[in-house]
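Residues per chain are reported as follows:
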Amino acid sequence: MFQGPVDASQVPRFAGPDTYARLPRLDQVERADVAIVGVPFDSGVSYRPGARFGPAAVRQGSKLIRPYNPALDVSPFADVQVADAGDIACNPFDIDRAIDTIEQAAGEFDARLVTVGGDHTIALPLLRAAHRKYGPLALLHFDAHLDTWDTYFGAEYTHGTPFRRAVEEGILDTEALSHVGIRGPLYGKGDLAEDRRLGFGIVTSADVMRRGPDEIAEALRQRIGDRPLYVSVDIDTLDPAHAPGTGTPEAGGLTSRELLEILRGLAGCNLVGADVVEVAPAYDHAEITSVAAAHVAYDLISLIALGGRA
Ligand SMILES: N=C(N)NCCCC(=O)O
Ligand SMILES: [Zn+2]
Ligand SMILES: [Zn+2]
């Protein structure tokens, strides 16, 4: 028997704990199969700051989540132990140190991690930690942006560069790298050539609209196979209508329905870790973005739960 969320028929949703989905804290359970971890870091952004408040916003957006997921026919909080591990305390003034802290903290959990909040810089240390546990990783990256740029203002570690660094470090399986939701203006045509050279395949936002989520998910599953899979979700993969609360919004994005359906189409993949980043609640309205992010995290947890205990 696993410890699930506080029962909403006993304690109203607007009371009770501020953990993700009102789940137990990690220190309240013996061990967890899935740990939800907040990463309140936004010192790597190129435009609007505020993703440091993402973890708290995603937890707030998760209060209405119910225990059974009909889309995947799974009760993730009953089938495996899921717990909220709180936030990683990372240095807001020193990016290198923050990256080290995140890598080390992520490596210490004896659970599959789903992290919430933070800017996209944090994907690099999270991938490093996952690579140490699981070996070379397939990467499925949902984003409006490639995030394979080289440097910004001479800085190598930013929210626009994590996946180039990860390829350079040899921690990704370059046969199984995909971006989904890509759109919008680039610095030049060479951005695409560079990205291809690193091994990425691109599914644009328009591809999702034309081909539909089922066909896209099937193609992604073929590419991923049974490799250990890391899923990185930049919430700006969604259209600003579906996720206004983010730092670098781009018009013409996915709907939250398309994103959730693609994720559900990954059932059966060996999901070893995931992040949901770039939630910046200061630009949000009516919790649109934080509710979307909380539900994305719920389907990611559900996919892990489908695979059984860690
Ligand atoms: N990872 C996110 N959200 N954005 C990257 C945008 C980098 C740029 O300003 O060109
Ligand atoms: Zn982005
Ligand atoms: Zn990004």
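It should be noted that the structure appears before, not after, this text.
A few points on the structure. Worth saying up front: this structure is predicted, and the values here are computed from it rather than measured.

Let us look at the nonpolar core. With 54 residues, the main nonpolar core has Tyr20, Phe77, Leu140, Phe142, Leu220, Val231 and Leu300 as its most contacted residues. Sort the elements by how many residues they give to this core and helix H10 (residues 288–306) lands first, with eleven residues. Not counting residues up to four positions away in its chain, the partners in contact with Leu220 are Leu140, Ser178, Val180, Val203, Ile262 and Leu266. Core analysis: the next-biggest nonpolar cluster, separate from the first, contains 33 residues, Ala106, Ala111, Ala129 and Leu139 among them.

Moving on, we come to the coordination of the zinc ion (ligand 2). With distances of 2.1 to 2.5 Å, the protein atoms coordinating the zinc ion (ligand 2) are Asp143 (OD), His145 (ND1), Asp234 (OD), Asp236 (OD) and Asp236 (OD). Coordination geometry of the zinc ion (ligand 2): the six donor atoms subtend angles of 56 to 164° at the metal centre, consistent with an arrangement described as irregular. Sequence spacing of the donor residues for the zinc ion (ligand 2), all on one chain, is D-x1-H-x88-D-x1-D. A gap of 3.2 Å separates the zinc ion (ligand 2) and the zinc ion (ligand 3), which Asp143 links by coordinating each metal. With His145 in the loop between strand S4 (137–142) and helix H5 (162–168) and Asp236 in the loop between strand S7 (228–234) and helix H9 (256–264), this residue pair connects regions lying 91 residues apart in the sequence. Note on accessibility: His145 and Asp236 belong to one class, buried.

With respect to the element layout, Pro240 can be found in the loop between S7 and H9. Taking C-alpha positions, Pro240 is 41 Å from Met1, a pair spaced 239 residues apart along the chain. Once you skip the residues sitting within four places of it in the chain, Pro240 turns out to touch Arg183, Pro249, Glu250 and Ala251.

With respect to spatial proximity, the complete set of residues near ligand 1 consists of Ser46, His120, His145, Asp147, Tyr152, His159, Tyr187, Asp234, Asp236, Thr248 and Glu278. Within the side chain of Asp147, an N or O atom sits 2.9 Å from a nitrogen atom of ligand 1. At 3.0 Å, a backbone N or O of His159 approaches a nitrogen atom of ligand 1. Of the residues belonging to the shell around ligand 1, the class tally is two nonpolar, five polar and four charged.

A few words on the packing of H9 against H10. If you want to describe how two helices pack, look at the angle between their axes and the distance between the axes. Contact geometry for H9 and H10: axes closest at 10 Å, N-to-C directions at 10°. It follows from the interaxial angle that H9 and H10 lie roughly parallel. Here Leu259, Leu260, Leu263 and Arg264 of H9 lie close against H10, whose contacting residues are His295, Val296, Asp299, Leu300 and Leu303. Along the lines of polarity and charge, the residues of the contact of H9 with H10 split into six nonpolar, one polar and two charged.

Below, the discussion takes up the coordination of the zinc ion (ligand 3). Every protein donor of the zinc ion (ligand 3) is listed here as His120 (ND1), Asp143 (OD), Asp147 (OD) and Asp234 (OD), and their distances to the metal cover 2.0 to 2.2 Å. Sequence positions of the residues that donate to the zinc ion (ligand 3) give the spacing H-x22-D-x3-D-x86-D.

A positive phi angle, close to 50°, is found at Ala286, a residue other than glycine. Positionally, Ala286 belongs in the loop between strand S8 (270–277) and H10.

How each quantity is defined
- Residues numbered from 1 in each chain as written.
- Chains lettered and ligands numbered in written order.
- Predicted model: local features only at pLDDT ≥ 70, side-chain atom pairs only at ≥ 80, totals over all residues.
- Heavy atoms only, no water.
- Core = buried A, V, L, I, M, F, W, Y, C linked by side-chain atoms within 4.5 Å.
- Buried < 20%, exposed > 50% of the residue type's maximum accessible area, 1.4 Å probe, protein only.
- Helix = DSSP H or I, 4+ residues; strand = E, 2+ residues; numbered from the N terminus.
- Contact = heavy atoms within 4.5 Å.
- Donors = N, O, S within 2.8 Å, 3.2 Å for Na, K, Ca; no water.
- Tetrahedral: all angles 85-135°; square planar, octahedral: opposite > 155°, others 65-115°.
- Near = heavy atom within 4 Å.
- Polar contact = N/O pair within 3.5 Å; in protein donor to acceptor, adjacent residues only side chain to side chain.
- Nonpolar A, V, L, I, M, F, W, Y, C, P; charged D, E, K, R; others polar.
- Axes fitted to C-alpha atoms, helices over the stretch in contact; angles between N-to-C directions.
- Parallel < 35°, antiparallel > 145°, perpendicular 65-115°, else oblique.

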